[in-house]
Amino acid sequence: MSEKVISMPILPLSQEQLAHLKAAAAGLDSVQIAWVSGYLWGLTSQNTSETSITAEGSASASASVRPITVLSASQTGNARRLAVQLRDDLVHAGLSATLINAGDYKFKQIDQERQLIIVASTQGEGDAPEEAIALYKYLFSKKAPALNQTQFAIFGLGDTSYEHFCQTGKDFDHRLAELGAIRLLDRVDADVDYQPLAEQWRQKVVERLKAEVAVSLPSSIAHAAITDATETKYSKEQPLIASLSVNQKITSRSSDRDVRHIEIDLGNSGLSYQPGDALGVWFQNDAELIELLLTELGLSGDEQVEVHGKIEPLRDALKFHYELTQNTAAIVEFYANHTGDARLTELLSDKAGLQAYAHHTPIVDMVRRNPAKLDAQTLLSMLRPITPRLYSIASSQEEVGNEAHLTVAVVRYEVDGQARTGGASGYLADRLEEEGDIAVFVERNPNFRLPDNPQTPVIMIGPGTGIAPFRGFMQQREATGATGKNWLVFGNPHFTSDFLYQVEWQRYAKSGLLDRIDLAWSRDLEHKVYVQDKLRENGSELWQWIQSGAHLYVCGDANRMAKDVERALLDVVSTHGAMTPEQADEYLSELRLEKRYQRDVY
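All residue numbers refer to position in the chain's written sequence, counted from 1. Local features in this predicted model are restricted to residues whose pLDDT is 70 or higher, and side-chain atom pairs enter the listing and the counts only when it is 80 or higher, whereas totals over whole chains, interfaces and linings include all residues. Only hydrogens and water are set aside when side-chain values are computed; all heavy atoms of the structure are taken into account.

**A word on the pairing of strand β14 (residues 412-415)**
A regular strand carries its side chains on alternate faces of the sheet.
(1) Moving on: As defined by bridge partners, β14 adjoins strand β15 (residues 418-421) across four bridges and the pair is classed as antiparallel. Directly across from R412, in β15, lies its bridge partner T421.
(2) Moving on: Between the antiparallel neighbours β14 and β15 lie two residues, among them D416 with a positive phi of about 55°. Pairing between strands is defined by DSSP: at least two bridges between them are needed. Runs of E in the DSSP output that reach at least two residues are strands. Runs of H or I that reach at least four are helices, and both are numbered from the N terminus.

**A few points about the pattern of salt bridges**
(1) Moving on: What counts as a salt bridge is simple: a side-chain nitrogen of Lys or Arg found within 4 Å of a carboxyl oxygen of Asp or Glu. All told, the structure shown has 40 salt bridges when counted by the stated rule.
(2) Moving on: Residue D127 pairs with K563 through a salt bridge whose shortest N-O separation is 3.4 Å. Placement of the pair is D127 in the loop between β3 (115-121) and α5 (133-139) and K563 in helix α22 (residues 561-576), with a sequence separation of 436 residues.
(3) Moving on: Using a relative accessible area of 22% as the deciding quantity, one classes D127 as partly exposed.
(4) Moving on: Type-normalised accessible area, obtained with a 1.4 Å probe on protein chains alone, sets the label of each residue: buried when under 20%, exposed when over 50%, and partly exposed for intermediate values. By relative accessible area, K563 is classed as partly exposed at 32%.
(5) Moving on: For E130, the salt bridge goes to R592, with nearest N and O atoms at 3.5 Å. Placement of the pair is E130 in the loop between β3 and α5 and R592 in helix α23 (residues 581-593), with a sequence separation of 462 residues. We note that E130, like R592, is buried.

**Examining the sheet that holds strand β12 (residues 389-392)**
(1) Moving on: In space, the six strands of this open sheet follow the order β12-β9-β16-β7-β8-β13, with antiparallel pairing throughout. Only two strands of the sheet have a single neighbouring strand rather than two, namely β12 and β13 (403-409). When the angles between neighbouring strand axes are averaged without regard to direction, this sheet yields 40°.
(2) Moving on: One ladder, built from four bridges, connects strand β9 (residues 278-282) with β12; its direction is antiparallel. Paired with V281 across the two strands is R389, which belongs to β12.
(3) Moving on: Contacts between residues were defined by any pair of non-hydrogen atoms, one from each residue, lying within 4.5 Å. Orientation is described by lines fitted to C-alpha atoms, with helices fitted over the stretch in contact, and by angles between N-to-C directions that extend from 0 to 180 degrees. Packing of helix α16 (residues 423-431) onto the sheet brings it into contact with β7 (240-249), β8 (259-265), β9, β12, β13 and β16 (437-443), and relative to β12 it is tilted by some 70°.

**Notes on the packing of helix α4 (residues 78-92) against helix α7 (residues 195-212)**
(1) Moving on: Axis separation between α4 and α7 bottoms out at 10 Å; the angle between their running directions is 35°. The handedness of the crossing between α4 and α7 is right-handed. Contact with α4, carried on its side by L82, Q85, L86, D89 and L90, involves A198, W201, R202, V205, V206 and L209 of α7 and no other residues of that element.
(2) Moving on: A per-class count over the contact of α4 with α7 returns eight nonpolar, one polar and two charged. Handedness of a crossing is defined here by the sense of rotation of the near helix relative to the far one, left-handed for an anticlockwise turn of less than a right angle and right-handed for a clockwise turn. Each residue gets one label: Ala, Val, Leu, Ile, Met, Phe, Trp, Tyr, Cys and Pro are nonpolar, Asp, Glu, Lys and Arg are charged, and the others, such as Gly, are polar.

**Points about the nonpolar core**
(1) Moving on: To define a nonpolar core, start from buried Ala, Val, Leu, Ile, Met, Phe, Trp, Tyr and Cys residues and group those joined through side-chain atoms within 4.5 Å. One finds L314, L318, Y335, M366, L380 and L383 to be the most contacted residues of the largest nonpolar core, which totals 34 residues.
(2) Moving on: Among the elements of the structure, α8 (287-297), β10 (304-307), α9 (314-320), α10 (329-339), α11 (342-347), α12 (351-360), α13 (363-369) and α14 (376-382) are those that each provide at least two residues to this core.
(3) Moving on: Setting aside anything within four residues of it in sequence, one finds M366 in contact with N327, I331, V332, Y335, L344, Y357 and T361.
(4) Moving on: V489, V554, A562 and L591 belong to the second largest nonpolar core, which has 29 residues in total.

**A word on the environment of Y357**
(1) Moving on: Mapped onto the fold, Y357 is located in helix α12.
(2) Moving on: Residue Y357 is classed as buried on the basis of its relative accessible area, which comes to 16%.
(3) Moving on: Measuring from C-alpha to C-alpha, the distance between Y357 and V332 comes to 8.6 Å, with 25 residues separating the pair along the chain.
(4) Moving on: Those residues in contact with Y357, other than ones at most four positions away along the chain, are V332, L344, L347, M366, R369 and N370.

**As for the packing of aromatic side chains**
(1) Moving on: Stacked, tilted and edge-to-face pairs are distinguished by plane angle, under 30 degrees for stacked and over 60 for edge-to-face with tilted covering the rest, among Phe, Tyr and Trp rings (Trp via its six-membered ring) whose centres lie within 6.5 Å. Per the stated rule, a full pass over the model turns up 17 aromatic pairs.
(2) Moving on: Taking 5.9 Å as the distance between ring centres and 50° as the angle between the ring planes, the aromatic pair formed by F495 and F499 counts as tilted.
(3) Moving on: Seen from their ring centres, W505 and Y508 are 5.9 Å apart, and the 65° between their planes marks the pair as edge-to-face. Of this pair, W505 and Y508 both sit in helix α19 (residues 502-511), three residues apart, which is roughly one turn of the helix. There is no split in this pair, since W505 and Y508 are both buried.
(4) Moving on: Taken together, the ring pairs connect F448, F470, F473 and Y553 into an aromatic cluster.
(5) Moving on: Directly above the ring of F140 sits R175, whose terminal nitrogen or CZ lies 5.7 Å from the centroid.
(6) Moving on: In this structure, R471 is placed above the aromatic ring of Y501, and the distance from its NZ or CZ to the ring centre is 4.7 Å. Criterion for a charge above a ring: Arg CZ or Lys NZ at most 6 Å from the ring centre, at most 35 degrees from the ring normal.

**With respect to unusual backbone geometry**
(1) Moving on: Of note in this structure, C166 is not a glycine but carries a positive phi near 55°.
(2) Moving on: Structurally, C166 can be placed in the loop between β4 (151-157) and α6 (167-178).
(3) Moving on: You can call C166 buried: its relative accessible area is 1%.
(4) Moving on: In this structure, D416 is a non-glycine residue whose phi angle is positive, near 55°.

**Regarding the sheet that holds strand β19 (residues 516-521)**
(1) Moving on: Spatial strand order, β19-β18-β17-β20-β21: five strands in an open sheet with parallel pairing. Where the open sheet ends on each side, the last strands, each with one partner, are β19 and β21 (597-601). For this sheet, the mean angle separating the axes of adjacent strands, direction not counted, is 10°.
(2) Moving on: When strand β20 (residues 551-556) meets β21, the two strands line up parallel, connected through five bridges. Its bridge partner lying in β21, Y553 is registered against Q598.
(3) Moving on: Lying over the sheet, helix α21 (residues 539-547) contacts β17 (458-461), β18 (486-492), β19 and β20, oriented at roughly 135° with respect to β18.

**A closer look at the packing of α22 against α23**
(1) Moving on: Direction vectors running N to C along α22 and α23 enclose 115°, while the axes themselves pass 9 Å from each other. With respect to each other, α22 and α23 are oriented roughly perpendicular. For the pair α22 and α23, the sense of crossing is right-handed. In contact with E566, L569, L570, V573 and S574 of α22, α23 contributes P581, A584, D585, Y587, L588 and R592.
(2) Moving on: Looking at the contact of α22 with α23 residue by residue, the classes come out as seven nonpolar, one polar and three charged. With respect to orientation, any angle under 35 degrees is reported as roughly parallel, any angle over 145 as roughly antiparallel, any angle of 65 to 115 as roughly perpendicular, and every other angle as oblique.

Now the structure itself:
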């Protein structure tokens, strides 16, 4: 019988290189070592095509320490925060993990992944978040590679008030499996109150990966506290208590829209932001709405309920902790099952009808139309937790200092002749007094940034309140002396009543900072004119700007406007760039990858 020969791994470093590495790491703490580990791995991924490992032992050693990739596909920041928590969990468990935002991911190397964990949100009606669109298109294209050596897990974040709940997570899950990847765990689809599910999922992911991947980092890492450099002492969980300083209506009396210019005083907090970031606003529910709901349910509001382990009056719980202005199919189903209401129960078998009913019928009106009794704790179990609203910041701190400006369209409508108002917009416009306290935090948006080169031209496309971040862009460009050309394409129903920040834009045009402005008024002419029409109308010049290196920015409604604008851009590229529709789509994708086509859509 022949003797079995065991091949030992070959050290891929010379003794001199190893000595240098030890010397460089000597002054680093465990947190810094973890960061350097991910950084060095990033360098190896960039140079994979140029590096060939021929020694069998070196190859196996390299594969054994390949970091787990945690991919964040975020729209409002929740997916990013969860991905950071998971990365920290993995590192604390002694596993090598690299966190990457989908917008920065070199997705053409995805077939090199061995463990890929994706935290993906969904925006609008089932669309991928902005930073993940290029990856999404690639995976669903014919260029997508086989992933037979990849294990994966997906956590989907969504909102059951939308029909295509967690659609991006579902799409990634199905497509990766189609490409041959193997599920580590079943996909999780989570609603806005995702934290309990996320905590359980994180624990399962760590335990599963500990069984699959060798511990490769020093044990001290398991006790290190990993934090991102961008984190501050103020966050979604610990917001700044700022104050409202200005609440000014900027549409005229004749407008059918109520748009407010809001200024928030950040005081001496040190809270900072960049043009393109959003401000998160924690709001309080309307007292009159709360009393109406209590009356319809036969409750006093003084009932003692448990919220996050604390006992407080039901009225306070409804004011501060639970969403009352957005109904969902799940809430309608809960109410129907607990009340036995025949009309609502009949809806449960009609998915489309149920979704439409929830969309058009606020919770209080569902109860009013279908009266029943619920005890206080059951009511709370039916409702979702209140979530902050994000507003694009309409200012630059280079000009306004310790302030943050917002452009807020107030949601107003009627149900059966009863006036209804949006939760956050109504709070800002109607209920928050000047100098009143307001809880806020900055939500970073690294995928909506002015170009680093101040000479680069920019094209800003933003109808309605989509104009907000571009006001901040212009303040920044003016304050920093940027010399690049600026072009604004703005639209709204009427020139006389809906031209937001008209005086400011006219001043920029007069001074020469704004090189071009095109306006689309959809109700002033016999035929409707929208921003996408202006893009096609000026396609030749638009193409020239793009060819000269201009960056494109789009802000506003995701479901209609953003898609219409993208179709117009594809038409312009195809027509004036002499490309087929497929080539035009590829060209636009390349602009997106180069950060030259960025969107802030909602």
